[in-house]
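Descriptive structure summary
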Amino acid sequence: MKILSKAFSVDCTAAVLLMSLSFTGVSVANASSKPFPTKAVTLTMWWWGDQEAPGAKLWVDDTVKAYKKKHPNVTINTVLQTTDGLVPAFAAAAAAKKGPDLQYFWGGIYSQQPGWDGQIAPISDYIPAAELKHYVNSSAELLFQGKIWTAPWYVNPSFPVLARTDVLGKYNLKVPATWKDLLYVCDVLSAKGVPALAGGVKDGWFGGWLYSIIGGQSVSSNKDVVAAVVGTQKFTDPIHAEWWTRLQETKEHKCWNSDINSLELYQAQQLWKDGKAAMTVVAGPDAPNFANAVGASKVVVMAMPKWSNGKFAGKMGSTSQTIGITQWSKNKEVAADFLMFSHEKAQLDNWFKRTGSMPADDRFDLGMVKDPIKKALFQSALPGAPYLENFIPAQLDTDAIFANVQLVLSGKKSGKDAAADSQAVMERLRKTDRNLVKNFTAWSK
Amino acid sequence: MINSAPTDYLFTTPRKLWVVIGRLRRSGPFLWVLPAGFCVVLIFGYSILDLVQQSFKYRGAWVGFENFSLVLTDPLFRTAIFHNFLLLFAVPILATLSFICAVLLFETRKGMKFYRSAVFLPYILPIPVIGVVFGQLLQLNGALNSALRALGLNGLALDWLGDPQQALWTMGGIIIWKEVGFGTILILARLISLPLETLEAARIDGAGFFRLHLKVTLPQLRPVILFYIINEAIVMVSWVFNYVYVMTNGQGGPGKATVVSELYIYRSAFQNKSPELAATAALLLLLATLIFIIGFFRIQRNLNKGPFDE
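Residue numbers here run from 1 along each chain, matching the order of that chain's written sequence. For naming, the first written chain is A and the first written ligand is 1, with later ones following in the order written. Two thresholds apply to this predicted model, a pLDDT of at least 70 for residue-level local features and 80 or more for giving and counting side-chain atom pairs, whereas whole-chain, interface and lining totals are computed over all residues. As a rule here, side-chain values cover all heavy atoms of the structure and leave hydrogens and water aside.

**Quick word on the overall build of chain A**
This is how the line gets drawn: The way it works is that DSSP assigns letters per residue, a run of H or I at least four long becomes a helix, a run of E at least two long becomes a strand, and they are numbered from the N terminus. Within these notes, the globule rule equals 2.2 Å times the number of residues to the 0.38 power, and the radius of gyration is based on C-alpha atoms. Only heavy atoms matter for contacts: two residues are in contact if any of them lie within 4.5 Å across the pair. Values of accessible area rely on a 1.4 Å probe in the Shrake-Rupley scheme; residue burial ignores everything except the protein chains shown. In this tally, Lys and Arg are treated as positive and Asp and Glu as negative; His is ignored, and so are the chain termini. Taken as the charge centre is NZ of Lys, CZ of Arg, CG of Asp or CD of Glu, depending on the residue.
When helices and strands are counted, chain A shows 19 helices and 12 strands. Its C-alpha atoms give chain A a radius of gyration of 21 Å, within 12% of the compact-globule value 22 Å for 445 residues. The principal-axis extents of the C-alpha atoms in chain A amount to approximately 70 × 50 × 40 Å. Taking as baseline every contact in chain A between residues at least 6 positions apart, the subset at least 24 positions apart corresponds to 80%. Summing over all exposed atoms, chain A offers an accessible surface of approximately 16,100 Å²; the carbon and sulfur share of this is 54%. If you average the places of the 48 positive and of the 39 negative side-chain charges in chain A, the two averages end up 1 Å apart.

Pasting the structure below:
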């Protein structure tokens with residue numbers, strides 16, 4: 001099996017060490033030392049993740065059961081949320097100050113914003129620093145003024161491109177490594193009526209992925225993105241805008257399935273599984289499942305082909321999906337204890353066993369990973385490129401990125417206009433969210 | 001004996017009693033609706049007051065009309081309102097189709113029950129079901145376009161929900177398909193209750209099918225059609241959220257092609273966490289809907305006026 005990933009060259013042990021060291025700057029203290037309650041305690045956890053890491057539900061059930069065995073007085077009710085309902089359901093709960101004790105959050109802004117809005121308690125107030133330092137990706141995405149908002153749960157290498165060598169080989173094509181190669185593959189395959197890339201943007205989410213994996217190639221750090229958010233840079237500046245032109249090129253070269261605008265992401269990925277498209281982009285934790293579904297020997301896992309010489313070109317992003325403790329929870333210490341329990345060796349190993357994806361803990365024994373695809377993915381995430389979508393306001397993501405990706409890919413808008421619209425939306429956001437600049441500036445420090 | 005009673009008792013007490021009874025009679029209807037009115041005030045009154053209060057605040061601090069200025073200058077809000085306005089074009093289509101369907105059902109001798117059910121069925125289907133079914137059916141490579149291509153009608157195989165120029169009209173078409181059943185049944189019910197003598201007399205006088213229904217039936221159905229028109233106008237202004245949410249995964253896409261005011265409010269409140277902007281937009285929407293309702297009552301009052309009314 002052939003795996004294309006720059007991160008492959010990274011020595012695993014060194015990477016783990018690097019991650020551990022990156023936590024040394026975190027000032028975490030005050031972890032609670034209250035005695036564990038003996039009375040009956042009920043916790044509610046709203047979570048998401050089975051959608052991108054199939055098997056997560058089994059792990060949640062196993063872990064809750066194991067915790068019940070350890071603490072018979074604690075009952076944990078779990079509710080799996082839908083993708084579209086995850087954010088709004090929590091927003092409604094937060095408005096009512098009633099709902100889950102433990103809540104799932106995507107990383108970056110999706111964890112920061114609830115913290116800024118006073119909806120969650122910093123996890124670093126309840127989990128000791130010595131424990132937290134092992135949680136992967138918490139410093140870059142979750143740290144705010146010395147506190148860490150949420151506890152990383154599993155790592156999402158974001159987002160691998162999967163190429164089918166059998167489909168490409170049928171037309172004497174090689175797996176594209178550069179942008180030029182990719183456009184050539186698109187030209188050849190589109191002439192034969194085969195989409196080079198399968199995607200669906202009807203539900204919007206894929207737009208954010210594309211922004212991160214194409215747009216991430218021209219920035220030098222996540223601070224560039226935050227600078228554009230607070231207004232010291234612009235989304236029309238070349239390092240932020242050029243990716244829109246690249247996206248437009250994919251439309252012009254007919255890279256995508258023609259129905260990309262009327263399909264949801266998961267529906268479109270099926271085209272790749274069915275052999276009707278040469279490549280697709282999938283969630284990191286789900287990549288091994290996709291590869292195994294069509295035969296791992298026919299699949300190459302790689303980062304988006306390079307179009308720039310930027311620092312992160314040819315690298316996959318890395319983000320951790322997280323769990324936070326709500327501000328209104330009456331059992332924060334117990335909730336934190338459960339989170340720490342979920343990072344114990346047995347649970348880390350079980351996560352890998354159940355989902356085949358990587359738990360967000362540097363104590364996880366990478367030696368357990370034998371599958372070369374998984375190994376490449378895990379190594380690419382330690383340390384990976386910043387996942388850009390997590391560093392912009394969620395509203396910019398939906399109103400500018402999702403919407404303009406749909407328009408560019410339908411051929412109704414140029415890349416240049418899309419960049420200008422993104423900037424206009426951002427300028428407006430700075431007016432409507434009066435705390436945005438202050439919060440983002442504090443976050444970037 | 002009555003005559004022996006003191007005069008003040010004789011004349012004042014019964015008079016007072018009648019005054020009280022008279023007053024009670026006049027206020028009787030109000031007393032009957034008092035419990036329901038109390039509930040309405042409690043539920044809606046409180047919400048509306050809270051809405052008004054929120055629309056003048058930001059994170060609890062008074063900001064005057066700042067939120068109104070932000071919402072009214074937001075291009076997305078204006079786009080959303082424009083889309084609601086465009087959807088109003090579906091109302092006359094709905095009224096016309098409902099009238100035609102109702103007349104056809106009225107004139108149908110055989111299988112009326114079956115046809116009536118067939119027309120009404122879409123109305124009772126849950127919107128999420130409709131959204132999912134049409135979402136699949138109308139994909140670029142979905143069942144409808146496959147059928148059109150099989151018939152050689154490739155030019156008609158459009159990206160119904162994926163093309164920003166088609167999406168809103170497609171949405172309008174789906175709303176018409178669902179809502180026409182309600183209008184048909186409403187008009188048909190009124191049609192059945194009309195005195196048959198008038199229609200018979202017109203027929204005897206030689207009125208054909210079209211003349212009969214345009215000149216005799218239609219004028220008699222005017223109040224119910226007007227009610228339906230106002231009802232559907234309110235639907236188009238403030239009741240299309242479900243369609244948009246289900247068919248575009250809550251995005252109002254492609255781009256901003258199907259964003260409507262309710263979706264704007266929902267996203268402001270629950271996705272963008274700007275409850276104040278959501279409250280402001282909701283207040284503006286409420287005012288727009290109130291204009292429709294007041295307009296309806298005024299028109300209805302004028303229609304109900306007889307020739308001898310002042």
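We are not done yet, so read on.
**Quick look at the confidence of the model for chain A**
Note the following rule: Values of pLDDT, which run from 0 to 100, indicate the predictor's confidence residue by residue.
Looking at chain A, the pLDDT average stands at 91 and 93% of residues meet or exceed 70. For residues 1-30 of chain A, every residue scores under 50 in pLDDT, and the model assigns this stretch 62 contacts once sequence neighbours within four places are set aside.

**Some points on the domain arrangement of chain B**
All names here are of chain B. Selection rule: Just so you know, the domain bounds were taken from an automatic or database domain assignment. What counts as buried area is the accessible surface, traced by a 1.4 Å probe, that two parts surrender upon association, with contributions from both included. Think of a salt bridge as a Lys or Arg side-chain nitrogen and an Asp or Glu carboxyl oxygen that are within 4 Å of each other. We define a polar contact as two N or O atoms separated by no more than 3.5 Å, with the added condition that, inside protein, one atom must be a possible hydrogen donor and the other a possible acceptor, whereas residues neighbouring each other in sequence contribute only through side-chain atom pairs. Residues are grouped as follows: Ala, Val, Leu, Ile, Met, Phe, Trp, Tyr, Cys and Pro are nonpolar; Asp, Glu, Lys and Arg are charged; all remaining types, including Gly, are polar.
Domain boundaries in chain B define domain 1 (5-55) and domain 2 (70-303). For domain 1 and domain 2, the distance between their C-alpha centroids amounts to 40 Å. On the domain 2 side, the residues contacting the 5 residues of domain 1 number 7 residues. It is Leu-51, Gln-54 and Ser-55 in domain 1 that bury the most area against domain 2; as a group they hold 80% of the surface buried on that side. There are 0 salt bridges connecting domain 1 and domain 2. Between domain 1 and domain 2 we count 0 residue pairs in polar contact (both at pLDDT 80 or more) in total. Considered class by class, the residues forming the side of domain 1 that touches domain 2 number 3 nonpolar, 2 polar and no charged.

**Comments concerning the pattern of salt bridges**
For the record, the criterion: Only protein chains enter the area calculation, which uses a 1.4 Å probe; residues under 20% of their type maximum are buried, those over 50% are exposed, and those in between are partly exposed.
Applying the stated criterion across every chain, the model contains 19 salt bridges over all chains. One salt bridge in this structure joins Asp-62 of chain A and Arg-354 of chain A, with 2.8 Å as the shortest N-O distance. Of this pair, Asp-62 of chain A sits in helix H2 (residues 56-70) while Arg-354 of chain A sits in helix H15 (residues 345-355); the two residues are 292 residues apart in sequence, bridging distant segments of the chain. Since its relative accessible area comes to 23%, Asp-62 of chain A is described here as partly exposed. A salt bridge links Lys-412 of chain A to Asp-163 of chain B; the shortest N-O distance between them is 3.5 Å. Residue Lys-412 of chain A is located in the loop between helix H17 (394-409) and helix H18 (415-432), and its partner Asp-163 of chain B is located in the loop between helix H7 (143-150) and helix H8 (167-193); the two belong to separate chains. Overall, Asp-163 of chain B belongs to the buried group, its relative accessible area being 14%. Each of Glu-131, Asp-361 and Arg-363 of chain A takes part in one network of salt bridges that share partners.

**Quick word on the nonpolar core**
Heads up, the rule is: Definition used in this section: a nonpolar core is a set of buried Ala, Val, Leu, Ile, Met, Phe, Trp, Tyr and Cys residues joined via side-chain atoms within 4.5 Å.
With 119 residues, the main nonpolar core has Leu-210, Trp-243 and Met-279 of chain A as its most contacted residues. Sequence-distant contacts of Trp-243 of chain A, defined by excluding residues within four places in its chain, comprise Leu-210, Tyr-211, Ile-214, Gly-215, Trp-307, Ile-401 and Val-405 of chain A. Listed in part, the 46 residues of the second largest apolar core include Ile-174, Met-236, Met-247 and Val-260 of chain B.

**Comments concerning the interface of chain B and chain A**
On the side of chain A, 35 residues touch chain B, which itself brings 38 residues to the contact. Between chain B and chain A, the buried area comes to about 3,000 Å², and carbon and sulfur atoms account for 47% of it. A salt bridge links Asp-117 of chain A to Arg-59 of chain B; the nearest nitrogen and oxygen atoms lie 3.9 Å apart. Residue assignment for the side of chain B that touches chain A shows that the elements contributing at least two residues are helix H2 (66-72), helix H3 (75-87), helix H6 (127-137), helix H11 (241-247) and helix H12 (261-271) of chain B. Classifying every residue of the side of chain B that touches chain A gives 15 nonpolar, 15 polar and 8 charged.

**Some remarks on the environment of Asp-50 of chain A**
Residue and element names in this part refer to chain A. Topologically, Asp-50 is positioned in the loop between strand E1 (41-47) and H2. Among the polar contacts made by the side chain of Asp-50, one reaches the main-chain amide nitrogen of Gly-55 at a distance of 3.2 Å. At 3.0 Å, the side chain of Asp-50 forms a polar contact with the backbone nitrogen of Ala-56.

**Side note on the state of the cysteines**
All names here are of chain A. Applicable threshold: Any two cysteine sulfur atoms within 2.5 Å of one another count as a disulfide.
Scanning the model with the defined rule gives 1 disulfide over all chains in all. Between the sulfur of Cys-186 and that of Cys-255 lies a disulfide, 2.1 Å long from S to S. Across the S-S bond linking Cys-186 and Cys-255, the dihedral sits near 110 degrees, which makes this disulfide right-handed. Taken together, the residues Cys-186 in helix H8 (residues 179-191) and Cys-255 in the loop between helix H11 (238-252) and helix H12 (265-273) connect sequence positions 69 residues apart. You'll find Cys-186 and Cys-255 in the same group, each marked buried.

**Observations regarding the pairing of strand E2 (residues 74-80) of chain A**
Consecutive side chains of a regular strand alternate in pointing toward one face of the sheet and then the other. Rule in force here: Strands are labelled as partners when DSSP assigns at least two bridges between them.
With 7 bridges joining them, E1 of chain A and E2 of chain A adopt parallel strand pairing. Directly across from Met-45 of chain A, in E2 of chain A, lies its bridge partner Thr-78 of chain A.

**Details of the packing of aromatic side chains**
Condition: Two aromatic rings, drawn from Phe, Tyr or Trp (for Trp, its six-membered ring), form a pair once their centres lie within 6.5 Å of each other, and the interplanar angle then sorts them: stacked below 30 degrees, edge-to-face above 60, tilted otherwise. To sit over a ring, a charge needs its Lys NZ or Arg CZ within 6 Å of the ring centre and within 35 degrees of the ring normal.
Under the counting rule described, the total for this entry stands at 49 aromatic pairs over all chains. Their ring planes at 75 degrees and their centres at 6.0 Å tell us that Phe-352 of chain A and Phe-378 of chain A sit as a pair that is edge-to-face. Pair noted here: Phe-352 of chain A is in helix H15 and Phe-378 of chain A is in helix H16 (residues 372-380), with a separation of 26 residues, a long-range link. The same class applies to Phe-352 of chain A as to Phe-378 of chain A, namely buried. Aromatic ring contacts, followed pair by pair, group Trp-47, Trp-48, Trp-59, Tyr-104, Trp-106, Tyr-110, Trp-153, Tyr-154, Trp-205, Trp-351 and Phe-402 of chain A into a single cluster. Lys-273 of chain A extends its terminal NZ or CZ atom over the ring of Phe-290 of chain A, reaching a point 4.5 Å from the ring centre. Between the NZ or CZ atom of Arg-434 of chain A and the centre of the ring of Tyr-58 of chain B, over which it lies, the distance is 3.9 Å.

**Things to note about the confidence of the model for chain B**
Residue and element names in this part refer to chain B. Overall, the predicted model of chain B reaches an average pLDDT of 89, with 94% of residues at or above 70. Summarising per-element confidence for chain B, the mean pLDDT is lowest in helix H1 (residues 7-55) (81) and highest in H7 (97). Throughout residues 1-5 the model reports pLDDT below 50, and contacts reaching past four residues in sequence, or to other chains, amount to 2 contacts.

**Points about H3 of chain B**
What counts is decided by this rule: Expected span of a helix, by definition, is 1.5 Å for each gap between consecutive residues, and there is one gap fewer than residues.
For H3 of chain B, spanning 13 residues, the distance from its first C-alpha to its last is 18 Å, which sits close to the expected 18 Å at 1.5 Å a residue. Among the residues of H3 of chain B, Leu-76, Phe-77, Ala-80, His-83, Asn-84, Leu-86 and Leu-87 of chain B are the ones counted as buried.

**Details of the packing of helix H9 (residues 205-215) of chain A against H11 of chain A**
A pair of packed helices is characterised by two quantities: the angle between their axes and the separation of those axes. All names here are of chain A. Put simply, the rule is: The axes used here are C-alpha line fits, helices contributing only the stretch in contact, and every angle between their N-to-C directions lies in the interval 0 to 180 degrees. For classification purposes, angles smaller than 35 degrees are called roughly parallel, those larger than 145 roughly antiparallel, those between 65 and 115 roughly perpendicular, and all remaining angles oblique.
Close contact between H9 and H11 brings their axes to 9 Å; oriented N to C, the two are set at 110 degrees. Compared by their axis directions, H9 and H11 come out roughly perpendicular. Contacts from Leu-210, Tyr-211, Ile-214 and Gly-215 in H9 reach Trp-243, Arg-246 and Leu-247 in H11. Of the residues that constitute the contact of H9 with H11, the class distribution is 5 nonpolar, 1 polar and 1 charged.

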